[in-house]
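Notes for the structure review
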Amino acid sequence: MLLRKYICRRLLEYYSQPAHKVVGTIDASIEFSSLWGQWHWKRIYKQLYKQQKGMWLTPVELFAPYYSNAFANFISTSMKPMLESKEHNSDGFQIVELGGGRGTNAKALLNHLQLHHNDVYDSLTEYTIFDTSPTLHELQRQNLKIESDHADKINLVNMDMMEIAEGTSSFLSHSDVPTTLIALELLDNLPHDKVANCFETDEIFQAELIPIDNDCRTLSGALSGASSEAIVDTSKQYHEVFSPVCDPLLQHILSIDPSLSTQLVSNGPRWIPSVALGVLMRLFECRPNSAVAFADFDWLPPPDLLSPEKQNFMLAAEPAIGDPIITDMKGIDHPCYLTTPPDELCDILYPTDFQRMASFTKGILRRDNDSRALPLSVAAMKQHDFLLQYGLDEVNKTKSWTGYSPLINDFGNCSVLTVSPHHLCK
């Protein structure tokens, strides 16, 4: 079984919980101007985490609506030249959001477009949210289809991102309609693949899992040849092995950018954000006139393994560059994704190498550059730079009376990948 399939299943189990247990929210907007600087913000931030029921508070929720407004400005700036180019057969454009959370971002973004970019809002024909979580999908329906002024523009799809990446589920119709794809704090929760290069032959290997027979402690199926397409049973124990790359998605990704599997210092394993890259491939295959904004963590701290048992734990998986953090619902970190108890719901969070993702995206665009209304440019930047470029007014609204703004001065370990019309990146 391909490791990606197992990671996907564990994440699906985690995100199938009641929505309020996964993504938190705050009861009232924060009065940023009344804060006394960084120390006061840290205090408020800690209090908010204690009060809310969800596992995480995202920037979308903490800084609503200011954070989302900056992305609305990016969409307006990116879509206007595409709409004006007349090199396509559409009178409008579409927005696609992956992993819509509670629907907070969509509502704030649409409000901002309607109030401050009304011509762009009127040109928007559809805002589609794809979400793997059935419970968040239902919450989005409540917040955006029932309790929203933008219900006529909203389309909600409950679909596994891995199926989109692998091409086993429909994604977007083939069209030259201008489209913006956004994903805010989603990349860290998308299934990844682990790959390694053979030191002697330079052959690339993919990580797979083989179930361990608990009775005799042997690798079940090792001799009979376990199928990588086997049904994922997370109640079993698994052993990680490596075999030559044969997964079609991985093969396609590495054909575009072979450097994703190589190391500058060693030939050890590394993680590839295969589902995110697969979605990008599908996007530009279906919608060549697309802008993109992906925001997420570019670095994560090492897991907090306080107990001696966890510190001395023998990992069941080969350490790799870009290893995830595995955190259960009590906020306790675990040393390995293969050794958490089967009944323990855990979040699996990966850091994203935005420079490598940008390089891969450029490779996609080079492959098919003839059918675009405008040439596109790719950039990877720190999140605070993105917010200053597209949301300076929003940043000013989040400043404390000392001038400290948690919107740009906190979350320093976040970056943004953008794809936009060429002249915008000059």
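Residues numbered from 1 in each chain as written. Predicted model: local features only at pLDDT ≥ 70, side-chain atom pairs only at ≥ 80, totals over all residues. Heavy atoms only, no water.

1. Some remarks on the pattern of salt bridges
What counts is decided by this rule: A pair is scored as a salt bridge if a Lys or Arg side-chain nitrogen falls within 4 Å of a carboxyl oxygen belonging to Asp or Glu. Note on conventions: DSSP H or I runs of at least 4 residues are helices, E runs of at least 2 residues are strands, and numbering of each starts at the N terminus. A simple rule labels every residue: compare its accessible area, found with a 1.4 Å probe on the protein chains alone, to the largest value its type can have, and call it buried under 20%, exposed over 50%, or partly exposed in between.
Applying the stated criterion across every chain yields a total of 14 salt bridges. Here K5 makes a salt bridge to E166, at a shortest N to O gap of 2.9 Å. Within this pair, whereas K5 is found in helix α1 (residues 3-15), its partner E166 is found in helix α9 (residues 161-166), the two being separated by 161 residues in sequence. A salt bridge links D410 to K42; the nearest nitrogen and oxygen atoms lie 3.5 Å apart. In this pair, D410 is assigned in the loop between α16 (406-409) and β15 (414-421) and K42 in helix α3 (residues 38-51), connecting sequence segments 368 residues apart. Owing to a relative accessible area of 37%, K42 belongs among the partly exposed residues under this scheme. Look at the salt bridges and you will find they share partners, linking R4, K5, E166, D193 and D247 into a network.

2. As for unusual backbone geometry
With omega at 0 degrees, the peptide bond leading from A64 into P65 counts as cis. Along the chain, the position of P65 falls in the loop between α4 (59-62) and α5 (66-85). One non-glycine residue, E185, adopts positive backbone phi at about 55 degrees. By the secondary structure assignment, E185 is in the loop between β4 (179-184) and β5 (193-197). The backbone of F411 sits at a positive phi, close to 55 degrees, despite the residue not being glycine. Inspection of the secondary structure puts F411 in the loop between α16 and β15.

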